[in-house]
Amino acid sequence: MKESSEAGATSAVGDVRDYRLLVPREWFRIDLMQDRWRGQLKTFVEKQAEGRQVPAELTRNVWATLRNTAEAGRARGAMEFYLLTVSRDGGLPASLLVSLVPLDETPADPQKFAAWLEVREPEGGSRRQVTVVDLPAGPAVRVLGPTTLSVHVLLPGAVGYLTLSFSAPLTGMFGPMERLCDAIAGSLRWVV
């Protein structure tokens, strides 16, 4: 596992200067705080297609999907984007978007935040499981869906949440992938 940290990402949060997160070496990191993120993303897509018989249309679709995800994430406070680099057909097996989310209308109490999210869940079979968990970094709201897992970790000083948004559209979010994502979330530490 490699250690990642976005310097100054939480500098406005009391005594916390930063965070550390352990992510497996196979995951490609894109720093969304730098202007060069599009080039980093293009490098990832090209490396995925290199030496494989990946149709150009699939490569273009993966590039467009990832670019749109990164742009939308940046608009909502995303700082880092990780992509799992192991794929036989050029598709995207898993990703992680790390975002800083200020409180705004979001409750600072994780129990109330979980209840707030639960009320917004649609009825039916694709309903996500919303729970509150204790991580080494503090209390967190864990939202598990069929292909996604979001972990909202309360920032020290209760000024917002650091959100880890995992997506596994090809494998689904169960079994080994769910355990891996939980382990990554459990590695989160605050730097004071």
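Preceding block: the structure.
The rules behind the values
Residues numbered from 1 in each chain as written. Predicted model: local features only at pLDDT ≥ 70, side-chain atom pairs only at ≥ 80, totals over all residues. Heavy atoms only, no water. Helix = DSSP H or I, 4+ residues; strand = E, 2+ residues; numbered from the N terminus. Expected span 1.5 Å × (residues − 1). Buried < 20%, exposed > 50% of the residue type's maximum accessible area, 1.4 Å probe, protein only. Arc of directions from axis to C-beta. Contact = heavy atoms within 4.5 Å. Pairing = 2+ DSSP bridges. Axes fitted to C-alpha atoms, helices over the stretch in contact; angles between N-to-C directions.

Student: Any details on helix H2 (residues 56-75)? Residues and values, ideally.
Tutor: Relative to the 28 Å expected for 20 residues at 1.5 Å per residue, H2 spans 29 Å between its end C-alpha atoms, a close match to the ideal helical length. Turning to H2, its buried residues are Val62, Trp63, Leu66, Ala70 and Gly73. Buried positions in H2, seen along its axis, are confined to an arc of 105° and lie on one side of it. Residues of H2 that are exposed and point more than 90 degrees away from the buried face comprise Glu57, Arg60 and Ala75. Looking at the buried side of H2, the elements it contacts are helix H1 (37-49), strand E4 (78-84) and strand E5 (95-102).

Student: Describe the sheet that holds strand E8 (residues 148-154), and please don't skip the residues or the numbers.
Tutor: Ordered by their spatial adjacency, 7 strands build an open sheet running E3-E4-E5-E9-E8-E7-E6, and the pairing between neighbours is antiparallel. The open sheet terminates on both sides in strands that have one partner only, identified here as strand E3 (27-31) and strand E6 (129-135). Looking at each pair of strands side by side, their axes are set apart by 20° on average, direction ignored. Relative to E8, strand E7 (residues 138-144) runs antiparallel, the two sharing 5 bridges. If you follow Val143 over to E8, its bridge partner there is Ser150. Along the sheet, H1 makes contact with E3 and E4, crossing E3 at roughly 160°. Along the sheet face, H2 touches E4 and E5 and points at about 155° away from the line of E4.

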